[in-house]
Amino acid sequence: MTESGLKTGKSFTPAKQMNPTLVLLFIVVIAVVMTWILSAGEFQHQGQKVIPGTYQQIEKHFSLSQMIGLGEAPPAGQAAPVGIIDGIMAIPAGIVKQAGLIVMVLFIGGMFGVLNQSGAIESSLERLLGVTKGNVYFLVPTLMLVFSAGSTFMGLAKEYLLVIPLVVALMNRLGLPNILGLAVVAIAVKVGYLASVTNPYALSIAQPLVGVQIFSGLSLRLTAYALFMLVGIAFVLWAIRRHGKLNQDVEVSFSVKPLSLRHSLMMTALLVGIAFMVFAANQWHWKNTQLSAYYLFLSMIFALMSGMGASASADAFVSGMKKVLIAGLLIGLATAVEIVLTQGRVMDTMINALVKLVGQHGPYISAYGMFICQLLLDVVIPSTSGQAAVTMPILGPLGQLTGVAPQTTVFAFLMGNGLTNMITPTSSGLLIFLASAQVGWTQWAKFVLPLFLIFAALAIAMLTFAVAIGY
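In this text, all values refer to a predicted model and were calculated from it rather than measured experimentally.

**Notes on the overall build of the chain**
Item 1. Across its full length, the chain holds 20 helices and four strands.
Item 2. Expected size for 471 residues packed as a compact globule is a radius of gyration near 23 Å; at 23 Å, the chain falls within 12% of this value.
Item 3. For the chain, restricting intrachain contacts to residue pairs at least 6 apart in sequence, the fraction spanning at least 24 positions comes to 78%.
Item 4. When the accessible surface of the chain is split by element, carbon and sulfur atoms take 66% of a total near 19,800 Å².
Item 5. Positive and negative side-chain charges of the chain, numbering 23 and 14 respectively, have mean locations separated by a distance of 10 Å.

As structure tokens, this is what we get:
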């Protein structure tokens, strides 16, 4: 994914980036190798929930035919490593498994293709920047607070896919690269999930599994939200200043003339459409299929309102889809990692090994171990609710044995899960954000790594405080 045709600062754009598909393909290869190195094992499960203390190793059979991927499936209760052919097949299997998500991303790209071609977005941004005089020190904190509030209180994340192209275009208009527009949205959303003040997707699963009331322990999470948000906003503003283009290399002059009636109606329809989508997704629990149909419906509405004609609108829709097409492959590769580890029966082995990091070394070391455990597990289980269902039943009782309170166990989960999701290439949520902004993963990782390390240090400090006060 590249930033074709956009002004890009040298600070954040390496001369030559590794293609993100190669990064993920390498991780898939590592996953295949791990199925040959690690012992096979499994926990007993009650639905998605893991039953603590039930891990057992299972017999694994090795053969040359299995290395190629031509071996027979192992009998029930036994395992076999993943072969070369099976590893390759996991990639299309991952694409099929995530077909709903991939189609949704493509339709979002198509919808914005229509909006961009109509000129409505450009005119609206010109108007917004004219009113605010392009003051990023007002725009950036305001936007980040709004986006993070939706995430930390309501669990919004993929709903912001509609917003990313708008914020990217806003930054472009100021002479700033795509990655800074992405940062305004992505960092805000990730901080929101990291704190999860009342995020139902994280807390409604994690807290009951350790025996505490849903949404209890609000005070420390609110403190974490305020602290991480303050640092996140400061980091983005510092990055903008470091870029050094504001009012220097570009001449910024913005029009304050009113929008045309057509563009006003289109942008009003977009705002109403976003508001209704957030309501429907929460009230009626819309999934990828319903959301995809909704984006397609909005695309048709915008095409009719634009006056471009059917053929030009269709061309714009397809052109918009092409810009995010690589996201489908990246999402498939990320999902292939999970498929390979599950097929080789080593996923539970990894979970069991990481849980041993927690050990029984006193509350402080155990809390840090929980945090590290969640950081590492998030690479192979990037789903927030999925990771909670897998780890909380194990870490909850273990935390009580070592003096870590249940709320602190949940807090360690939120910190670890939220941090890794800022940077891991196996997170489909992060990948679709990158695709929407047309930013490469290696470029993003280099940009956000300093903030990741600062957040990690803050998380350790807050965990220390949580253990000290018996949170």
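**Considerations on the packing of aromatic side chains**
Item 1. Counting across every chain of the model gives 18 aromatic pairs.
Item 2. Both rings, one in Phe411 and one in Tyr471, keep their centres 6.0 Å apart while their planes meet at 75°; by these two values the pair is edge-to-face. Highlighted residues: Phe411 in helix α18 (residues 406-420) and Tyr471 in the segment after α20 (441-469), separated in sequence by 60 residues. Across the pair, exposure class does not vary: Phe411 and Tyr471 are buried alike.
Item 3. Taking the ring centre of Phe433 as reference, the NZ or CZ of Lys190 above it sits at 5.7 Å.

**Description of the side chain of Ser118**
Item 1. Among the structural elements, Ser118 can be located in helix α4 (residues 99-118).
Item 2. A polar side-chain atom of Ser118 sits 2.7 Å from the main-chain carbonyl oxygen of Leu115.
Item 3. Of the polar contacts made by the side chain of Ser118, one reaches the backbone nitrogen of Ala120; its length is 3.3 Å.
Item 4. Residues in contact with Ser118, not counting those within four places in the same chain, are His263, Met266, Ser306 and Met308.

**Considerations on unusual backbone geometry**
Item 1. Residues other than glycine seldom take positive phi values, yet His285 does so here, at roughly 55°.
Item 2. Mapped onto the fold, His285 is located in the loop between α11 (261-283) and α12 (288-306).
Item 3. Take His285: its relative accessible area is 56%, and that puts it in the exposed class.

**Observations regarding the environment of Leu259**
Item 1. Checked against the element boundaries, Leu259 lands in the loop between α10 (218-243) and α11.
Item 2. Leu259 has contacts with Ser123, Ser124, Arg127 and Ser264, leaving out every residue within four places of it along the chain.

**Focus on the nonpolar core**
Item 1. Ile187, Phe228, Leu419, Phe433, Trp444 and Phe447 are the most contacted members of the largest nonpolar core, which has 156 residues in total.
Item 2. Beyond its immediate stretch of four places on either side in the chain, Leu419 contacts Leu194, Phe371, Leu375, Phe452, Phe455, Ala456 and Ala459.

**A short note on helix α9 (residues 200-209)**
Item 1. The set of residues buried in α9 consists of Ala202, Leu203, Ala206 and Gln207. The buried residues of α9 all sit within an arc of 90° when viewed along its axis, so they share a single face.
Item 2. Taken from the residues just after α9, Gly211 is the one with a positive phi, measuring 85°.

**With respect to the environment of Leu143**
Item 1. In this fold, Leu143 is placed in helix α6 (residues 136-154).
Item 2. Residue class for Leu143 comes out partly exposed when judged on its relative accessible area of 21%.
Item 3. With 177 residues separating them along the chain, Leu143 and Gly320 place their C-alpha atoms 25 Å apart.
Item 4. Sequence-distant contacts of Leu143, that is, excluding residues within four places in its chain, are made with Leu170 and Val184.

**Here's the deal with the packing of helix α5 (residues 120-132) against helix α7 (residues 164-173)**
Item 1. Relative orientation of the contacting elements α5 and α7 amounts to 60°, with a least axis distance of 10 Å. Comparing their axes, α7 and α5 come out oblique. Every pair of crossing elements has a handedness; the one defined by α5 and α7 is right-handed. Taking contact as the criterion, the partners of Ile121, Leu125, Glu126, Leu128 and Leu129 in α5 are, on α7, Leu166, Ala169, Leu170 and Arg173.

So, how was this worked out
- Residues numbered from 1 in each chain as written.
- Predicted model: local features only at pLDDT ≥ 70, side-chain atom pairs only at ≥ 80, totals over all residues.
- Heavy atoms only, no water.
- Helix = DSSP H or I, 4+ residues; strand = E, 2+ residues; numbered from the N terminus.
- Rg over C-alpha atoms; globule rule 2.2 N^0.38 Å.
- Contact = heavy atoms within 4.5 Å.
- Areas by Shrake-Rupley, 256 points an atom, 1.4 Å probe, with all protein chains shown as cover.
- Lys, Arg positive; Asp, Glu negative; His and termini not counted.
- Charge placed at Lys NZ, Arg CZ, Asp CG, Glu CD.
- Phe/Tyr/Trp six-rings, centres within 6.5 Å; stacked < 30°, edge-to-face > 60°.
- Buried < 20%, exposed > 50% of the residue type's maximum accessible area, 1.4 Å probe, protein only.
- Lys NZ or Arg CZ within 6 Å of the ring centre and 35° of its normal.
- Polar contact = N/O pair within 3.5 Å; in protein donor to acceptor, adjacent residues only side chain to side chain.
- Core = buried A, V, L, I, M, F, W, Y, C linked by side-chain atoms within 4.5 Å.
- Arc of directions from axis to C-beta.
- Axes fitted to C-alpha atoms, helices over the stretch in contact; angles between N-to-C directions.
- Parallel < 35°, antiparallel > 145°, perpendicular 65-115°, else oblique.
- Left-handed = near helix turned anticlockwise from the far one by under 90°.

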